[in-house]
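A look at the structure
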Amino acid sequence: MTQYFAMLNDSCQGPFRLDQLNQAGVRPDTYVWSKNMTDWEKAIDVEEIRDYYRDRLSEKRDRNASAQTDTADKKNMTGGNSIQQIKGQFSRYGIDFPVQEEEEDLDRPPVSYVVPAIILTLFCFPITGAMAIYYSIKSRKEWEFAVMSESEKSRELYTPEERLEYKRNARYYERMAKMWIGITFFIGVIVYATVIGNM
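Residues numbered from 1 in each chain as written. Predicted model: local features only at pLDDT ≥ 70, side-chain atom pairs only at ≥ 80, totals over all residues. Heavy atoms only, no water.

**Section: the sheet that holds strand E1 (residues 3–8)**
- If you trace the 4 strands from one edge of the open sheet to the other, you get E2-E1-E3-E4, paired in antiparallel fashion. Every other strand in the sheet has two partners, leaving strand E2 (11–17) and strand E4 (41–42) as the edge strands with one partner each.
- Relative to strand E3 (residues 31–33), E1 runs antiparallel, the two sharing 2 bridges. Following the sheet pairing, Phe5 is matched in E3 by Trp33. (Pairing = 2+ DSSP bridges. Helix = DSSP H or I, 4+ residues; strand = E, 2+ residues; numbered from the N terminus.)

Dropping the structure here:
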């Protein structure tokens, strides 16, 4: 089997077998070289590596599809209502299944909840307020990483999937911050209502 050297962290590392490249941190844009190559090339331009990764992705998709099918079968056997079953019940009466799909606008910067989180922490309930502050800061940091990964200097260092992951993380932390702000507010209302009621 061909063994490859790879440029990782500004140094030549290896040799790696084909099945070790992924664990070693070789990305599609990582430069690799083997003794039958005339010069260093990006991994995605090397046919053997490209075919290997494509086969691995195909196997992974097949496994995921198989796992989802098994889960659906188990639900059906235990009497659970799958999406397909519910859809069938609607279509029996000539009704289109009401599916509402909302796609997140990942290009919109997340809302910063840091200020309201700090205010609620001071005046309502500090424990849950601290969680709101934490997730607000995490959301902002993930978005900063996403913006940095799209800059001209950093674009080559990140794959499109990694850039998308940063944006999704920013959205997730934004939702978590919003949830903890709501919890903090309602706990604060309950505490103040209890104190006033006992006066």
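There's plenty left to go through after this.
**A word on helix H4 (residues 114–123)**
- Taken together, the buried positions of H4 are occupied by Val114, Ala117, Leu120 and Thr121. For H4, the arc enclosing every buried residue in end-on projection is 130°, short of the 170-degree limit, so these residues lie on one face. Facing away from the buried surface of H4 by more than 90 degrees, the exposed residues are Val115, Leu122 and Phe123.
- Those residues of H4 that are buried are in contact with helix H5 (126–149) and helix H6 (160–197). (Buried < 20%, exposed > 50% of the residue type's maximum accessible area, 1.4 Å probe, protein only. Arc of directions from axis to C-beta. Contact = heavy atoms within 4.5 Å.)

**A look at the pairing of E1**
- Residues Tyr4, Ala6 and Leu8 line the buried face of E1, whereas the alternating positions Gln3, Phe5 and Met7 sit on a face that is not buried.
- Relative to E2, E1 runs antiparallel, the two sharing 5 bridges. Residue Leu8 lies in a different strand from E2, and its bridge partner there is Ser11.
- Between the antiparallel neighbours E1 and E2 lie 2 residues, among them Asn9 with a positive phi of about 55°.

**Some thoughts on the environment of Asn169**
- Within the secondary structure, Asn169 is located in helix H6.
- Residue Asn169 is classed as partly exposed on the basis of its relative accessible area of 22%.
- Taking the C-alpha atoms as reference, Asn169 lies 8.7 Å from Lys138; in sequence the two are 31 residues apart.

**Observations concerning a nonpolar patch on the surface**
- Judged by side-chain polarity, Val115, Ile118, Ile119, Leu122, Phe123, Val191, Tyr192, Val195, Ile196 and Met199 come together as a nonpolar surface patch covering roughly 1,100 Å² of accessible area.
- Elements that contribute at least two residues to the nonpolar patch include exactly H4 and H6.
- Broken down by element, the nonpolar patch gets its largest block of residues, 5 residues, from H4. (Patch = residues over 30% accessible without salt bridge, like charges linked within 9 Å, V, L, I, M, F, W, Y side chains within 5 Å. Areas by Shrake-Rupley, 256 points an atom, 1.4 Å probe, with all protein chains shown as cover. Salt bridge = Lys/Arg side-chain N within 4 Å of Asp/Glu carboxyl O.)

**What to know about the environment of Arg175**
- Its location among the elements puts Arg175 in helix H6.
- For Arg175, a relative accessible area of 45% puts it in the partly exposed group.
- Between the C-alpha atoms of Arg175 and Pro110, which are 65 residues apart in sequence, the distance is 9.2 Å.

**Focus on the packing of H4 against H6**
- Two elements in contact, H4 and H6, have axes separated by 10 Å at closest approach and are oriented at 25°. With respect to their mutual orientation, H4 and H6 come out roughly parallel. When the axes of H4 and H6 are compared, the crossing they make is left-handed. Judged by residue contacts, Pro116, Ala117, Leu120 and Phe123 of H4 engage Ile181, Thr184, Phe185 and Tyr192 from H6.
- Among the residues making up the contact of H4 with H6, the classes are represented as 7 nonpolar, 1 polar and no charged. (Axes fitted to C-alpha atoms, helices over the stretch in contact; angles between N-to-C directions. Parallel < 35°, antiparallel > 145°, perpendicular 65-115°, else oblique. Left-handed = near helix turned anticlockwise from the far one by under 90°. Nonpolar A, V, L, I, M, F, W, Y, C, P; charged D, E, K, R; others polar.)

Scope: geometric values only; no functional claims are made or implied.
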